[in-house]
Structure formats: C-alpha cells, structure tokens
Amino acid sequence: MSDTLFHKVWNAHAVRALPSGQTQLFVGLHLIHEVTSPQAFDMLRQHGWRVAFPDRTFATVDHIVPTKSQTRPFLDVMAEEMTVALERSCKEFGVPYWPPDNDNQGIVHVIGPELGLTQPGMTIACGDSHTSTHGAFGAIAFGIGTSQVRDVLASQSLALDPLKVRRIDVNGALKPGVYAKDVILTIIRQLGVQGGVGYAYEYGGSTIDRMSMEERLTICNMSIEGGARVGYINPDETTFASLRGRRFAPQGDAFDRACAWWRSIASDRNAVYDDRVTLNAGDIEPTVTWGINPGQSVRISERIAGDAHDEAFAFMGFHPGDRVAGTRIDVAFIGSCTNGRLSDLEEAARVVRGQRVAPHVKALVVPGSRSVSRDAEARGLDRVFTDAGFEWRGAGCSMCLAMNPDRLEGRQICASSSNRNFKGRQGSPTGRTLLMSPAMVAAAAIAGEVVDVRTVLREEVHV
Ligand code: SF4
C-alpha cells in the first residue's frame, strides 16, 4: 500500500499504542545540549535510572558558549556552571560529549548532519524547538521539552500524538538573490504561524529537489515557525551523496544497503496527503519580516499591510503602508542553525567582498560549528568578512537567542539570518529583529539599512 515517509517511519518506530491515543515511539537518535538537559539528568538521578541507550545519545554545548573567547573557564559564571554540569552528567551516564574546544563542537542542528548522525528514516529528538532541521535528510525529528528529554534518556522513547501530513510543493527556478530562507518565510507567511499545527510538513517539488542539503536544512529548520511539529524532505541522490563518508554514516557495503532502505522509505508517488499546497518559485522575492513572528513578512518590494492596532506595529515602529526597505539597522547577525552553514557564509561573502560595513553598524559572523568555521577559513571567507569590518566569531548560537554575551541593546534593530523575531529574542526586551537571508543581512550591513540584495548582486555581475 502506498504511504508517506512520515507514516512509514512512524510505523517502523512504533513500540505500542497507548490508552491515551498516543503512540510510544522509539527514538533512534537523541541529541542533547546544556540548556534543556540538566533537570532531565537530575530527574534520572532522583529515580536511580540510567540512560537507556547512551550509544544513541550525543551531547554538545551551543546556546551559552561565548563566541569572542572560548577559553575555559568561561568569564560568564552561569555559562561555565552549565557547561560543567553537562560534562559531569555525560561522564556519569556514559554519554558521548563534544566540549567547546572540540573540533566537532557547534550548534546541535549543525553538527548532527555534519557528523552523519542525522540519517534518513530515523526518529530524532532534541530538547530544542528547531530539531525539525534534521528532517532535511528524510528523518522525523521532534523538538521536545525537558520532561520529554528525561523520558528519552530513561526509555529511548516518546509518547506522541499522531500527525496529519501536508505536502508542500515548490516548483520552478528561484531567481538570483532568492534563497531557501525566502522560500520558507514565504511558506510561513502564506500558511500562517499556526497553519501547521497538527501537521508534519513534507516539502517537495522541482525547486526543493534541486536544492543542496544545506538549503534543505534551512527549509526544514523553520517548519516549527509555521506551527508544524516536524518538517521533512524525501531522501534522494543529493541526500545520499551528502552522507557518504561522514563519520557516523554506514561505511562500505553497509552504505549501499542503507541507501536501498532509505529509498524505500521515501513517500510513494501515489501517497495520499491530508492537505496539499503548491507554490511557484518564480513568484518568490527576497523576503524580510517586519513584525514579531516569522509569519509577519513582506517581499522586499512590497509595502506592509495589516491592522494598525496590531501590537507588532507599535513594537516595531512600522505603520501600515511602510516599506521595510530603507529601514536603518544597528546590528547585522549572520549565523544560527537556520543560516550558519558554509554555503550561507559563501553567499554573504559574495555580497561583502571588497565592501565596508556602514560605520554605525555592528556586524557579526558566527559560524554554526567549528567545522563550518574551519572550512570557511580555508576558503579565506574570514578575511573577506573581517576586511569589510565584520567580527569573525567562534561557533555557537550567539545572537539567535542571546543566552551568551552577544545581545542587542535597547531598541536596536538587527538584520538577522536567524529564525525567530519574537519580542526580546535577541537579548533586549525592546530590541527589534528583521529576519532575512544571510545575503540580505550582508547587504544591509554594507548599506546600513535594509536593501534588496538583487541590486547588489546585479552590480557584482556588471563589474
Ligand atoms: S541557533 Fe538559535 S534556534 Fe538554533 S539551536 Fe541555537 S538558539 Fe536554537
């Protein structure tokens, strides 16, 4: 019988149906970090439990690590304490752990795919909202809360409600200057931030098929911002090529056997979906948020529409009919698990090369992992950014969430390649976030205000 990847993976991992109507689902991979795990480990200690599958559990530090100097002990006492607590727990419970000075350290959603831990057909859980990222590889990946982290540590399983599946097709070629970030911001604007509640989002169509794994990670990363519990893309040759040779991927003949299984778990051609939506890639423009949730965005050429009484207008200082283009910025942030990968930095560097950051702008580049940082430095991208006046920082979440010293001050406006523009998200309760692609952030940093990156790229072509 034909079926979707979601149902095939769900059924393959179902332990039993629970009286509540939920399903107990086995979790193939559990990723943990310093923020949501301490209480979960404490609960294990209180009950005298062990970690059920330490070999399926991997830990790193990302949210609180400083990015200016990662020398231990950290100057921030709280950050040091949280890191020490995670280290102690990993040692006590036998969980593999990558510390801040390890070559594999980085944002948990960046290092999982990098190391080949994230594989098609898996169920993945992590105590972090943006776990949906891993769905880019054809996995079903759930962001979970602290008590669920405890459940997974103790039993390697989760009690979950069933989901419906919405197929989202994006077809056609993206125009130059339009990126995966613009695609997902457009999807969220069109379907709403609550539109995906109760759904898994399956992305497909010729635009998605042509995307690199890094672009697909950007798409799946923000599924949660559209309300979807998970987002995924069926595994294909791009997926397999990206996985081959990675440290934790199957090796040799085992890899070819795995590919055969991975192909079989992709949604069947005649699979039936609970809902279908189609977008034309040619209609998508560089997109920027103007409000306080990721659904409040406009095409860069558009004026903001909406009800003047919406609290977003008062908070952000915009009015109905305004354009976001031309908005003066104070800070430019390139990084995060949405857009802190090598191709993101390459696209931003294309815009920045030979230019100078506007004098009033503080501009940061924070690679998503140490591996991204090394690869970028090997290509000389760090010099492109620093020559232009950007700060080149160590890997971590940084100003995406501002749990470290990288934060907005007062009413500052930040052009950001991250994923959330909620009030206070970047560290200042009154700070304002404009979400956009890394190339758009780079263009805003140079111009000192929000601009259409296509004008910059056109100049680049003419030079
Ligand atoms: S980069 Fe931002 S969204 Fe991603 S894991 Fe870190 S804090 Fe969460």
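Refer to the structure printed above.
Throughout, residues of each chain are indexed from 1 in the direction in which the sequence is written. Only residues with pLDDT of at least 70 are given local features in this predicted model, and only at 80 or more are side-chain atom pairs given and counted; all residues enter the totals for whole chains, interfaces and linings. The side-chain quantities take in all heavy atoms of the structure and omit both hydrogens and water.

1. Brief notes about the sheet that holds strand 16 (residues 362-366)
Two strands pair under a simple rule: DSSP has to find at least two bridges between them. Helix numbering and strand numbering both begin at the N terminus, where a helix is a DSSP run of H or I of at least 4 residues and a strand a DSSP run of E of at least 2. Sheet architecture is open: five strands sit in the order 17-16-15-18-19, paired in parallel fashion. Because the sheet does not close on itself, it has two edges, and the strands there are strand 17 (391-392) and strand 19 (432-435).

2. With respect to the pattern of salt bridges
Definition used for salt bridges: Asp or Glu carboxyl oxygen within 4 Å of a side-chain nitrogen of Lys or Arg. As enumerated under the stated definition, the model contains 25 salt bridges in all. One salt bridge connects R216 with D236, and the closest N-O pair in it is separated by 2.8 Å. Within this pair, whereas R216 is found in helix 8 (residues 213-221), its partner D236 is found in the loop between strand 11 (230-233) and helix 9 (237-243), the two being separated by 20 residues in sequence. For E237, the salt bridge goes to R263, with nearest N and O atoms at 3.0 Å.

3. Concerning the sheet that holds strand 10 (residues 199-204)
Through backbone hydrogen bonds, the strands of a sheet pair up, either in parallel or in antiparallel fashion. Taken together, four strands build an open sheet; the order of strands is 11-10-9-12 and the sheet is parallel. The strands lining the two open edges of the sheet, one partner per strand, are strand 11 and strand 12 (275-280). Pairs of neighbouring strands in the sheet enclose a mean axial angle of 20°, with direction left out of account. Pairing analysis gives six bridges linking strand 9 (residues 164-171) to strand 12, with the strands arranged parallel. When the sheet's bridge partners are listed, V170 is paired in strand 12 with L279. Any pair of residues with heavy atoms lying within 4.5 Å of one another is described as a contacting pair. Working convention: axes come from line fits to C-alpha atoms, limited for helices to the stretch in contact. Angles between N-to-C directions cover 0 to 180 degrees. The strands that helix 8 touches are strand 10 and strand 11; relative to strand 11, the one it contacts most, it runs at about 155°.

4. Side note on the site of the ligand
The full set of residues close to the ligand is H63, I107, H109, D128, H130, S336, C337, C397, C400, L401, N419 and R425. Of the residues that constitute the shell around the ligand, the class distribution is five nonpolar, five polar and two charged. The nearness test applies per residue and asks whether one of its heavy atoms lies within 4 Å of the molecule or strand. In the scheme used here, Gly and all other residues not listed as nonpolar or charged are polar, with Ala, Val, Leu, Ile, Met, Phe, Trp, Tyr, Cys and Pro taken as nonpolar and Asp, Glu, Lys and Arg as charged.

5. Some details on the pairing of strand 15 (residues 331-335)
The cut-offs for exposure are 20% and 50% of the maximum accessible area for each residue type, with area from a 1.4 Å probe on protein chains only; residues under the lower value are buried, those over the upper are exposed, and the others partly exposed. Counted residue by residue, strand 15 has five buried out of five residues, so it is predominantly covered. Residues V331, F333 and G335 point to one face of strand 15 and A332 and I334 to the other, with burial holding for every one of them. In the sheet, strand 15 pairs with strand 16 via five bridges, with the strands oriented parallel. Across the sheet, F333 pairs through a bridge with L364, a residue of strand 16. Across three bridges, strand 15 lies against strand 18 (residues 413-416) in parallel orientation. When the sheet's bridge partners are listed, V331 is paired in strand 18 with C414.

6. Remarks on the packing of helix 13 (residues 342-352) against helix 15 (residues 381-388)
Put simply, helix 13 and helix 15 touch, their axes get as near as 10 Å, and they point 45° apart. What the angle tells us is that helix 13 and helix 15 run oblique. Every pair of crossing elements has a handedness; the one defined by helix 13 and helix 15 is left-handed. Taken together, the residues of helix 15 that come into contact with helix 13 (itself represented by L342, L345, E346, A348, A349 and V352) are L381, V384, F385 and A388. Partitioning the contact of helix 13 with helix 15 into residue classes produces nine nonpolar, no polar and one charged. Roughly parallel covers angles under 35 degrees, roughly antiparallel covers those over 145, roughly perpendicular covers 65 to 115, and oblique covers all other angles. Handedness of each helix crossing follows the sense of rotation of the near helix against the far helix: counterclockwise by less than a right angle gives left-handed, clockwise gives right-handed.

7. Points about the packing of aromatic side chains
Centres within 6.5 Å are what make two rings of Phe, Tyr or Trp a pair, Trp counting through its six-membered ring; a difference in plane orientation under 30 degrees is then read as stacked, over 60 as edge-to-face, and the rest as tilted. Counted according to the given criterion, the structure contains twelve aromatic pairs. Ring centres of W98 and F248 lie 6.3 Å apart, and the angle between their planes is 70°; this geometry places the pair in the edge-to-face category. Note that W98 is positioned in strand 5 (residues 97-98) and F248 in the loop between helix 9 and helix 10 (253-265), a separation of 150 residues in sequence. Residue W98 is classed as buried on the basis of its relative accessible area of 7%. Here the aromatic rings of F385 and W392 are separated by 6.1 Å at their centres, their planes lie at 15°, and the arrangement is stacked. Pair check on accessibility: F385 and W392 agree, each one buried. Three or more aromatic residues link up through ring pairs in this structure, and these residues are F58, W98 and F248. Lysine NZ or arginine CZ positioned within 6 Å of the ring centre and within 35 degrees of the ring normal marks a charge as sitting over the ring. The residue whose ring lies beneath R72 is F74, and the NZ or CZ to ring-centre distance is 5.2 Å.

In short, geometric facts, not functional conclusions.
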